[in-house]
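# Topology and contacts: notes
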Amino acid sequence: MTDPSIVLTGVGKSYSTTGSSSDRFWSLLTNKPRSGDAFWALRDITLTIPRGASLGLVGRNGAGKSTLLQIIAGTVKPTVGTAVVNGRIAPLLELGAGFNPDFTGWENINVAGALVGISSREMKRRALAIADFADIGDFIDRPIKTYSSGMFARLAFAVAVHVDPDILLVDEILSVGDMGFQQRCLSRLREMRERNVTLLFVSHGPDAVKSVCDQAVFLHQGKLLFAGTADETVDRYLAFIREEANKEQLEIEKTWAKPQAVRSSIPAALRYGTGHAQFKRVDILDEGGAPCRAFSFGASVVIELEIEGFMTINDLSVSFLVRDGTGVDLFGTTTFDEKIALPGVSPGVTMTVRFAFKNVLRPGNYGISVAVNRVSRRDYTDNILLDQLDGALAFMVTEDANRPVHYKVYQPIDITFDSSGSAQRQDIKLDRQSTPEHEASGT
Amino acid sequence: MNFQFIGDPLRSVYHNKDLVLKLGIRDLAQRFRSSKLGMLWTLIQPVAVVAMFYFVFSVVFENRWRHPDEPRGEFILALFAGFLVYNLFAEIVGRSPTLITGNPNYVKKLVFPLDVLPFVPAVGAVISAGISTLILLVLFVVVRHEMPYGTALLLPILLFPVFLLAIGISWFLSALCTYFKDVPHAVPLILQALVFVSPVLYSMDRVPEGMVRDIMSINPLRVPIELVRGALLDGAMPEWTSFNTNLLAAVVVFFLGYALFDRTRSGFADVL
């Protein structure tokens, strides 16, 4: 670890909302600040990004993510504060921004190289690797305007990662391209991280941020609300979005009382919701009902949740979600989706809900998030989040030499085979534990 | 006062010479890419323009360039020499309104050396000037039945101030057009007027002596046009004093244009 890659100190960027572009010109020419109302797209951002870090930027539209990238890239100057950047930046804020649609893939690769100052001879050598990575076949010889958006993205990404940047700024890429290509992008990004490339990644997809980045910052209305590990930040961001949705729904349904304070203290990474109904107790149990934290393959995992009401609420939906150690959401369900009518709660009345599933996970550590919602419409438009506990429970899956699970999740699979040597065809069902009915039930 | 702006533009262009050449050739190719005649248009365009003016001024108005009894081809040669200079200037400056406003990606989404943008259309303009020169030399042989003068070799030197002037004005106008939306409408008009107030369609001797001629002489295209015409058509050595004055003026415009561009470029992303 040498000197940090990017250091932002008190960075703010304001745009004049009333001044005209000619005012801007005169103020630049005479070096006098502008008058007029200022809109602060970014305010007081202080951030140090070490070399080789991968930082995700999350936030809603207009939160200032793109402005921040532009300031780091140097295309926009901060109004106040300083931005110091050490190293060569891949100059593509948006992939393929320098492409010309009338020219072929080859020609655009060539120009893109010149844009970052790679000599023609060197670029000729890399062009093959780029074409290889993009993998768009003969289209590389055709004008870019004939490309599908997926092919365009492939070529653009291929170019961006082959120009040896020290800092790579990526604004929303993984939304395009097929799965195979997305995988290749992700593994290329990881490979670049190993070579100490600093990565700044803007995405609206929380999962992409979690899987690519180790750190993340959460921007809201131009301010830095939270900075931490990618998992933590993304969860905060999602919590924030749900809280906002709650506020909107509570505005519509004015009969609801004021949000309730949290009554029980359950350790969790993050807890949020209106609190009109709350988790009183969350437990993870084995088949026999005893508390358990380690499970082997095929063992029953029971999640027992006790919910307490602070007002009369029907249409309750209780849900859980299993996450792996890297924060990727694996599976889970809601009682609402399973069309189970829960009895509801009222002040002083509690309800216990049990979810049970057979463990089909690969050995490792897992976390469980639980939530209780009020919802009656199938499209979730009247959803109110009452209580959510992220990382409420944790458990581990132990190695089982007799039954290895190589991939994230095992799924019961039928295997049949034919042999030309024998006349008869055999259907063989794998010897596996039968999957039980869902045991979630009321009371 | 710092004088950084004197070294900066030269360093930037030298550093990005590969990029400028590539973008310039791409720019030229793009203009003709989907056309059937392709690069032939760089040949057809100047010939057609000269033919039009020749028709109006020489055929309809029965003008001669110098003597009433000179061959008709003389008028064409003189027109061609004038347009050679004018076109080099106009092709660079004419593109200035869209250099920044037409490439918002370069401003906002790429880390791009914006100050080299005026040089991109200049690549094509210089190539067109070269092609026009070849046509002119062929016409010379056809009209005069003799070999071109050796002074024709001075052409690159004589055109150099025009190039500097055009780049300087292009910096100035491309920045101005980004902030003031009226300027792009004025630029083509001014360029068109410049054909008529420069000695492209006539020689300065035809302009009445006095105030009008004095004012018209200030036009920075006058000296290059007269010197190029002299070198190509009369085999005359340039008058170095007027060349030097013109060059000095062009250098001043070049650096002033850059200074204004550099001063205001940080606001481009805000107003696009």
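Moving on: the overall build of chain B. If you tally the helices and strands in chain B, you get 13 helices and 0 strands. For chain B, the α and β elements follow one another from N to C terminus as α-α-α-α-α-α-α-α-α-α-α-α-α. Over its C-alpha trace chain B gives a radius of gyration of 19 Å, about what one expects of a compact globule, namely 19 Å for 272 residues. Taking the principal axes of the C-alpha coordinates as reference, chain B spans close to 60 × 50 × 35 Å. Residues counted as buried form 51% of the 272 residues belonging to chain B. If you take every contact in chain B between residues at least 6 apart in sequence, the share linking residues at least 24 apart comes to 78%. Accessible surface, chain B: about 12900 Å² in total, of which carbon and sulfur atoms supply 69%. In chain B, the 21 positive side-chain charges and the 19 negative ones have mean positions that sit 11 Å from each other.

Let us now look at the layout of surface pockets. Summary: where empty space remains is shown by rolling a probe the size of a single water molecule over the atoms. What the largest pocket holds in volume is close to 940 Å³. Around the largest pocket, the lining comprises 33 residues; the ones closest to its centre are V111, F112, P113, L114 and R265 of chain B. Secondary structure elements with two or more residues in the lining of the largest pocket: α3 (105-115) of chain A together with α1 (4-15), α2 (17-32) and α6 (104-108) of chain B. By residue class, the composition of the lining of the largest pocket is 18 nonpolar, 8 polar and 7 charged.

A separate point is the domain arrangement of chain A. Frequently, the measure chosen for interface size is the accessible area removed from exposure when the parts meet. Parsing chain A into structural domains produces domain 1 (6-234) and domain 2 (260-397). Computed from C-alpha atoms alone, the centre-to-centre distance between domain 1 of chain A and domain 2 of chain A is 38 Å.

Moving on, we come to the sheet that holds strand β3 (residues 54-58) of chain A. All names here are of chain A. Across the sheet, 5 strands lie side by side as β5-β6-β3-β7-β8; this open sheet has mixed pairing. Either end of the sheet is taken by a strand with one partner, and the two such strands are β5 (167-171) and β8 (223-229). In this sheet, adjacent strand axes meet at a mean angle of 15° when their direction is disregarded. In this structure, β3 lies alongside strand β7 (residues 215-220), joined through 4 bridges in parallel fashion. Each residue of the ladder has a partner; that of L57, found in β7, is V217. Helix α2 (residues 65-73) rests against β3, β5, β6 (198-202) and β7 of the sheet, and its axis sits at about 155° to β5.

Residues and elements named next belong to chain A. Along the chain, S317 turns up in strand β13 (residues 316-324). Classification of S317 as buried rests on a relative accessible area of 3%. Apart from residues lying up to four places away in sequence, S317 is in contact with T334, T335, F336, L342, A371, V372, N373 and V375.

This brings us to the interface of chain A and chain B. Tallying the contact residues gives 33 residues for chain A and 27 residues for chain B. For the pair chain A and chain B, the summed buried surface comes to about 2900 Å²; carbon and sulfur atoms form 60% of the total. One can count 2 salt bridges joining chain A with chain B. D270 of chain B is the partner of K13 of chain A in a salt bridge, and the nearest nitrogen-oxygen pair spans 3.3 Å. At the junction of chain A and chain B, the tally comes to 11 residue pairs in polar contact (both at pLDDT 80 or more). Every element with two or more residues in the side of chain A that touches chain B is listed here: β1 (6-16), α1 (21-30), α2 and α3 of chain A. Looking at the side of chain A that touches chain B, the element that brings in the most residues is α1 of chain A, giving 8 residues. Looking at the side of chain A that touches chain B residue by residue, the classes come out as 15 nonpolar, 12 polar and 6 charged.

Residue and element names in this part refer to chain A. Across the sheet, 3 strands lie side by side as β2-β1-β4; this open sheet has antiparallel pairing. Strand pairing shows two members of the sheet lacking a second neighbour, β2 (38-49) and β4 (80-85), which therefore form its edges. Looking at each pair of strands side by side, their axes are set apart by 25° on average, direction ignored. Inspection of the sheet shows β1 paired to β2 by 8 bridges, in the antiparallel sense. Note that in β2 the partner of I6 across the bridge is I49. Sitting on the sheet, α2 touches β1, β2 and β4, and the angle it makes with β1 is about 120°.

Right, let's get into the pattern of salt bridges. As enumerated under the stated definition, the model contains 26 salt bridges over all chains in all. Residues R265 of chain B and D115 of chain B are paired through a salt bridge, measuring 3.7 Å at the closest nitrogen-oxygen approach. Separated by 150 residues along the polypeptide, R265 of chain B in the loop between α12 (240-264) and α13 (268-271) and D115 of chain B in the loop between α6 and α7 (119-144) bring together distant segments of the chain. Under the relative-accessibility criterion, R265 of chain B is labelled partly exposed at 22%. Classification of D115 of chain B as buried rests on a relative accessible area of 5%. Taking the shortest distance from any N to any O, the salt bridge between R222 of chain B and E226 of chain B comes out at 3.1 Å. Residue R222 of chain B and its partner E226 of chain B are located together in helix α11 (residues 222-234), separated by 4 residues, close to a single helical turn. Salt bridges sharing partners connect three or more residues here, namely R281, D283, E304, E306 and R354 of chain A.

Moving on to the environment of G64 of chain A. Residue and element names in this part refer to chain A. With respect to the helices and strands, G64 occurs in the loop between β3 and α2. On a C-alpha basis, the gap between G64 and R43 in space is 9.1 Å, while along the polypeptide they are 21 residues apart. Those residues within four positions of G64 in sequence are excluded, and the remaining contacts are A41, L42 and L219.

Definitions and limits used
- Residues numbered from 1 in each chain as written.
- Chains lettered and ligands numbered in written order.
- Predicted model: local features only at pLDDT ≥ 70, side-chain atom pairs only at ≥ 80, totals over all residues.
- Heavy atoms only, no water.
- Helix = DSSP H or I, 4+ residues; strand = E, 2+ residues; numbered from the N terminus.
- Rg over C-alpha atoms; globule rule 2.2 N^0.38 Å.
- Buried < 20%, exposed > 50% of the residue type's maximum accessible area, 1.4 Å probe, protein only.
- Contact = heavy atoms within 4.5 Å.
- Areas by Shrake-Rupley, 256 points an atom, 1.4 Å probe, with all protein chains shown as cover.
- Lys, Arg positive; Asp, Glu negative; His and termini not counted.
- Charge placed at Lys NZ, Arg CZ, Asp CG, Glu CD.
- 1 Å grid on protein atoms, 1.4 Å probe; cavity = no way out; pocket = protein on both sides within 12 Å on 5 of 7 lines; lining within 4 Å.
- Points joined across faces, edges and corners; volume = space filled by probe spheres on them.
- Nonpolar A, V, L, I, M, F, W, Y, C, P; charged D, E, K, R; others polar.
- Domains from an automatic or database assignment.
- Pairing = 2+ DSSP bridges.
- Axes fitted to C-alpha atoms, helices over the stretch in contact; angles between N-to-C directions.
- Buried area = accessible area lost by both parts, 1.4 Å probe.
- Salt bridge = Lys/Arg side-chain N within 4 Å of Asp/Glu carboxyl O.
- Polar contact = N/O pair within 3.5 Å; in protein donor to acceptor, adjacent residues only side chain to side chain.

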